[in-house]
Amino acid sequence: MTDHYQVKDLSLADAGMMRISWAESRMPVLHTLRERYRQQQPLKGMRIAGCLHVTKETAVLVRTLRDCGADVSWSGCNPLSTQDDIAAALAADGISIYAWHGMSVPEFYWAIDQTLKFSPTLTLDDGADLIMRVHTERTDLAAGLLGGTEETTTGVHRLRAMSDAGKLLYPVVAVNDAETKWDFDNVYGTGQSSLDGILRATSVLLAGKRFVVAGYGHCGKGCAIRAKGAGCHTIVTEVKPTAALKATLDGHQVMTMDEAAVIGDIFITATGMRDVISGRHFDLMKDGAIVCNTGHYDVEIRIPELEQRAKSVRTIRPNCEEYTLADGRRIFLLAKGRLVNLAAAEGHPSEVMDMSFANQFLSLVRLATAGKRLEVRVHDVPVEQDEEVARLKLQTMGITLDVLTQKQIEYATDYLAGT
Ligand code: 9W4
């Protein structure tokens, strides 16, 4: 029987399951939750349709949902992020999954439609494509839906706009906005995986290099602290005074990109803005400079202005293109200016996804348990859930916290009351 899935090649299943096992061993919070809820089966009777990157970490979440009672049907939320060995492993494990790398746009919507066929009671989104499909093509399903969850900033923005316009048909939890999700993804996930991408694409020595980070938001900060830890001399460029001041007090040198361009060895953009590194910067860079992006999709580096200046271009290593300029200087562009942490490495480490997906799991359990009682709007993750995820993560790391005494609690309360 093959009608419960459509994947590229089922023979990749064993290889995929090996990688899922590896991720599972690095995701102790999800493991703890699975063991806690396996007996209780809080998701029994739930049909969960998910549209989320088909990766080894997502597979751990899917299997956890299944083991706690849910029927699950899955598609990938980006045709380029689907890993065919993982899709095959999930199909072989009995999961309904419709995903293969490089699927076309019509195939993408076909896959979502397959997951909607079993009339889900819950939806899980990354980018809100699945929930949009329900709101446009399958409004008949809304009455049976208890709720949904959303993984990303972009998706949450879309859903809040829908809610404000009175168009949202069922409650949604903004998993993205949990502190144990976005803060850890951006600082520790993007920070480490961006350096990982640079190393896989170049294998350069980091120690002693002048490492230029454009933008000191959470991602920029993550890159800068990891580069500093690796022995780089870190330089930050900013437009916001408060962010620039933080970078300075965190021990990074702050200057303009025009100044940094002259002295930098490695450049990474993490601003969310376009045209951060442009032609005039390439004119100033040293021979051998390495340039990459971990911010907004592929607009932060003005690649056409690098191409204009090049007399030859060659791929010298995977994800590493050498541009030789008219005056003989060479500039190395990584991953064609796309997100270096995803294109040249594996995105956030499993240990970081553990917290995101623990929030997904607990939000789905909350929606299932609340039944139809939640108001139709975008809900935040409760502070208690955030704290529970952080507490569990610490526990799995063997870290114990101090506990306030009754006297201390009273003191804090009095103090806040201004007495
Ligand atoms: N991945 C991705 C990978 C390659 C890729 C056109 C060709 C995001 C979050 C998680 O987006 C993801 N190649 C592209 S787009 C693209 C996207 N192109 C563009 O030209 C190349 C992605 C979440 N995550 C982790 O970070 C770790 N485990 C996870 O589940 C995954 C993938």
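About the criteria used
- Residues numbered from 1 in each chain as written.
- Predicted model: local features only at pLDDT ≥ 70, side-chain atom pairs only at ≥ 80, totals over all residues.
- Heavy atoms only, no water.
- Helix = DSSP H or I, 4+ residues; strand = E, 2+ residues; numbered from the N terminus.
- Rg over C-alpha atoms; globule rule 2.2 N^0.38 Å.
- Buried < 20%, exposed > 50% of the residue type's maximum accessible area, 1.4 Å probe, protein only.
- Salt bridge = Lys/Arg side-chain N within 4 Å of Asp/Glu carboxyl O.
- Phe/Tyr/Trp six-rings, centres within 6.5 Å; stacked < 30°, edge-to-face > 60°.
- Disulfide = S-S within 2.5 Å.
- Domains from an automatic or database assignment.
- Near = heavy atom within 4 Å.
- Polar contact = N/O pair within 3.5 Å; in protein donor to acceptor, adjacent residues only side chain to side chain.
- Areas by Shrake-Rupley, 256 points an atom, 1.4 Å probe, with all protein chains shown as cover.
- Nonpolar A, V, L, I, M, F, W, Y, C, P; charged D, E, K, R; others polar.
- Pairing = 2+ DSSP bridges.
- Contact = heavy atoms within 4.5 Å.
- Axes fitted to C-alpha atoms, helices over the stretch in contact; angles between N-to-C directions.

Let us look at the overall build of the protein. A count of helices and strands for the protein gives 17 helices and 16 strands. Relative to a compact globule of 419 residues, whose C-alpha radius of gyration would be 22 Å, the protein shows 23 Å and is just as compact. A principal-axis box enclosing the C-alpha atoms of the protein has dimensions of 70 × 65 × 45 Å. Considering the protein as a whole, with its 419 residues, one finds that 53% of them fall into the buried category.

Once that is clear, we can look at the pattern of salt bridges. On inspection of all chains with the given rule, the structure shows 34 salt bridges. Put simply, Asp265 and Lys286 hold a salt bridge, and the shortest N to O gap is 2.9 Å. Taken as a pair, Asp265 in the loop between α11 (257-263) and β11 (266-269) and Lys286 in the loop between α12 (279-284) and β12 (289-293) lie far apart in primary sequence, 21 residues in all. Here Asp265 falls in the buried class, since its relative accessible area comes to 18%. Between Lys336 and Glu321 there is a salt bridge whose closest N-O contact spans 3.8 Å. On the criterion of sequence distance, the pair formed by Lys336 in the loop between β15 (330-334) and α14 (340-343) and Glu321 in strand β14 (residues 320-325) is long-range, its members being 15 residues apart. Given a relative accessible area of 44%, Lys336 falls into the partly exposed group. Judged by its relative accessible area of 12%, Glu321 falls in the buried class. It is possible to trace a salt-bridge network through shared partners that takes in Glu24, Arg34, Glu35, Arg38, Arg63, Arg66, Asp67 and Asp93.

Our next topic: the packing of aromatic side chains. Summed over all chains, the structure comprises 5 aromatic pairs. When the centroid spacing of 5.9 Å and the interplanar angle of 85° are considered together, the rings of Tyr98 and Trp110 count as edge-to-face. With Tyr98 in strand β4 (residues 96-98) and Trp110 in helix α5 (residues 105-116), this residue pair connects regions lying 12 residues apart in the sequence. Residue Tyr98 is classed as buried on the basis of its relative accessible area, which comes to 7%. Each member of the aromatic cluster is reached from another via a ring pair, and the members are Tyr98, Trp100 and Trp110.

Under the criterion given, the structure shown has 0 disulfides. No disulfide involves Cys77; its sulfur sits 5.5 Å from that of Cys51, the nearest cysteine. The exposure class assigned to Cys77 is buried, which follows from its relative accessible area of 10%. The cysteine Cys232 is free of any disulfide, with Cys223 supplying the nearest cysteine sulfur at 11 Å. For Cys232, a relative accessible area of 7% corresponds to the buried category.

Below, the discussion takes up the domain arrangement of the protein. In terms of domains, the protein is made up of domain 1 (5-183 + 348-396) and domain 2 (192-343). A separation of 33 Å is found between the C-alpha centroids of domain 1 and domain 2.

This part covers the site of the ligand. In the vicinity of the ligand lie 14 residues, with Thr55, Glu57, Tyr297, Arg338 and His348 positioned nearest. For the ligand, an oxygen atom lies 2.7 Å from a polar atom in the side chain of Thr55. One nitrogen or oxygen atom from the side chain of Glu57 is found 2.7 Å from a nitrogen atom belonging to the ligand. Expressed as a share of its isolated accessible area of 660 Å², the protein-covered part of the ligand is 73%. For the shell around the ligand, the residue count by class is 4 nonpolar, 7 polar and 3 charged. Each of domain 1 (5-183 + 348-396) and domain 2 (192-343) accounts for three or more of the residues forming the shell around the ligand.

Okay, the sheet that holds strand β6 (residues 147-150) next. One open sheet holds the 8 strands; their spatial order is β1-β4-β3-β2-β5-β6-β7-β16, and the pairing between them is parallel. In the strand order of this sheet, the two ends are held by β1 (5-6) and β16 (378-380), each with one partner. Alignment of β1 against β4, held across 2 bridges, turns out to be parallel. Its bridge partner being in β4, Tyr5 is matched across the sheet by Ile97. Sheet strands touched by helix α6 (residues 129-136): β2 (47-51), β5 (122-125) and β7 (172-174). Its angle to β5, the strand with the most contacts, is close to 130°. Docked against the sheet, helix α7 (residues 153-164) engages β6, β7 and β16, running at close to 125° with respect to β16.

Our focus in this paragraph is unusual backbone geometry. Its identity is not glycine, yet Gln41 carries a phi of approximately 50°, on the positive side. A positive phi angle, near 70°, is found at Ala128, a position not held by glycine. For Ala128, the position within the fold is in the loop between β5 and α6.

Moving on, we come to the pairing of β14. The buried fraction of β14 amounts to 6 of the 6 residues, a majority that puts the element mostly inside the structure. Every second residue of β14 is oriented toward a common face, with Cys320, Glu322 and Thr324 on one face and Glu321, Tyr323 and Leu325 on the other, all of them buried. Two elements, strand β13 (residues 310-317) and β14, share 6 bridges in a ladder whose sense is antiparallel. Paired with Arg314 across the two strands is Glu322, which belongs to β14. The hairpin turn running from β13 into β14, its antiparallel successor, is 2 residues long, and Asn319 in that turn takes a positive phi close to 65°. Summarising the sheet, β14 and β15 pair through 5 bridges and their orientation is antiparallel. Paired with Tyr323 across the strands is Ile331, a residue of β15. Here β14 folds back onto β15, and the loop between the two strands holds 4 residues, one of which, Gly328, carries a positive phi near 95°.

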